[in-house]
Amino acid sequence: MVTKTDTTEIVTQPKTAEVNQPSFKRWLKHFLYMPATKRYFSKQDQAAIAQAVTEAEQGHVGEIQVVIEGHLPVNQAYFQNTRMRARQLFAELGVWDTEFNSGVLLYINLCERKVEIVIDRGIKTATQQIIWDEICQNMIAQLIEQQFRLAVVIGVRHIGAVLTQFYAQSVKEQNNELENNPIILD
């Protein structure tokens, strides 16, 4: 169950003001997509991603959650784009619920070859959108070249570098609040 505090905006269903233009083309694309997420990310790849997250979270209180999804759920694809899906997962997985508001969701949608980064309010005030856009573009370039594992590992390292800049001086002791293993959704 998702809870809401006074300072947290929870998105479990698309807001009416944010509803994306309905798209039959997007729905059909996701409906016909063959689930192949595990083919792109083997157990060894998942272990390498988990190791990269562990290393990227060292020395600061920032938390990184990686979600790799083959396609949008068919019942949501008509109205929901990848950005809205990433925000939904940010809320449902509790990435927003870290002690220092330091959660980052790295969302990869293989069907659309899109990367979304959703950052918590504690990081949002200290960073610029251009930094996150650059990380996404670098990852997309690697995904196009079919370097799936490398794309995610490098993306996680870049996110870790940004978190180190922002949170390095904040707190000396840290807890691992989010799972380091990537979440694979077909």
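Preceding block: the structure.
Bear in mind the structure is a predicted one, so any value in this text is a computation, not a measurement.

## Topic: the environment of Thr-54
Now for step 1: Note that Thr-54 resides in helix α3 (residues 43–56).
Now for step 2: Sequence separation of Thr-54 and Gly-160 is 106 residues, and the distance between their C-alpha atoms is 9.5 Å.

## Observations concerning the pairing of strand β1 (residues 63–69)
Now for step 1: Extensive coverage of β1 is indicated by the burial of seven of its seven residues.
Now for step 2: In the sheet, β1 pairs with strand β2 (residues 103–109) via seven bridges, with the strands oriented parallel. When the sheet's bridge partners are listed, Ile-64 is paired in β2 with Val-104.
Now for step 3: In this sheet, strand β4 (residues 183–185) lies alongside β1 in parallel orientation, the contact comprising three bridges. Looking at β4, one finds that Glu-69 is bridged to Leu-185.

## Describing the environment of Ile-123
Now for step 1: The residue Ile-123 is located in helix α6 (residues 121–124) in this model.
Now for step 2: Accessibility expressed as a relative area gives 0% for Ile-123, which makes it buried.
Now for step 3: Linking Ile-123 and Val-162, residues 39 residues apart in sequence, is a C-alpha distance of 9.5 Å.
Now for step 4: If we skip the residues at most four places from it in the chain, Ile-123 touches Asn-101, Ser-102, Gly-103, Val-104, Trp-132, Leu-163, Phe-166 and Tyr-167.

## Section: the packing of aromatic side chains
Now for step 1: Tallied over the full model, the rule gives five aromatic pairs.
Now for step 2: Aromatic pair Tyr-40 and Phe-148: ring centres 4.5 Å apart, planes at 50°, arrangement tilted. Separated by 108 residues along the polypeptide, Tyr-40 in helix α2 (residues 37–40) and Phe-148 in helix α8 (residues 148–167) bring together distant segments of the chain. In terms of burial, Tyr-40 and Phe-148 fall into one category: buried.
Now for step 3: Relative to Phe-148, the ring of Phe-41 lies with its centre 6.2 Å away and its plane at 65°, an arrangement referred to as edge-to-face. Remark: Phe-148 occurs in helix α8 and Phe-41 occurs in the loop between α2 and α3; sequence separation between them is 107 residues.
Now for step 4: Classification of Phe-148 by relative accessible area gives buried; the value is 8%.
Now for step 5: Members of the aromatic cluster, joined through ring pairs, are Phe-24, Trp-27 and Phe-31.
Now for step 6: Note that Arg-113 overlies the ring of Tyr-40, its terminal NZ or CZ placed 5.7 Å from the centroid.

Reading the values: the criteria
Residues numbered from 1 in each chain as written. Predicted model: local features only at pLDDT ≥ 70, side-chain atom pairs only at ≥ 80, totals over all residues. Heavy atoms only, no water. Helix = DSSP H or I, 4+ residues; strand = E, 2+ residues; numbered from the N terminus. Buried < 20%, exposed > 50% of the residue type's maximum accessible area, 1.4 Å probe, protein only. Pairing = 2+ DSSP bridges. Contact = heavy atoms within 4.5 Å. Phe/Tyr/Trp six-rings, centres within 6.5 Å; stacked < 30°, edge-to-face > 60°. Lys NZ or Arg CZ within 6 Å of the ring centre and 35° of its normal.

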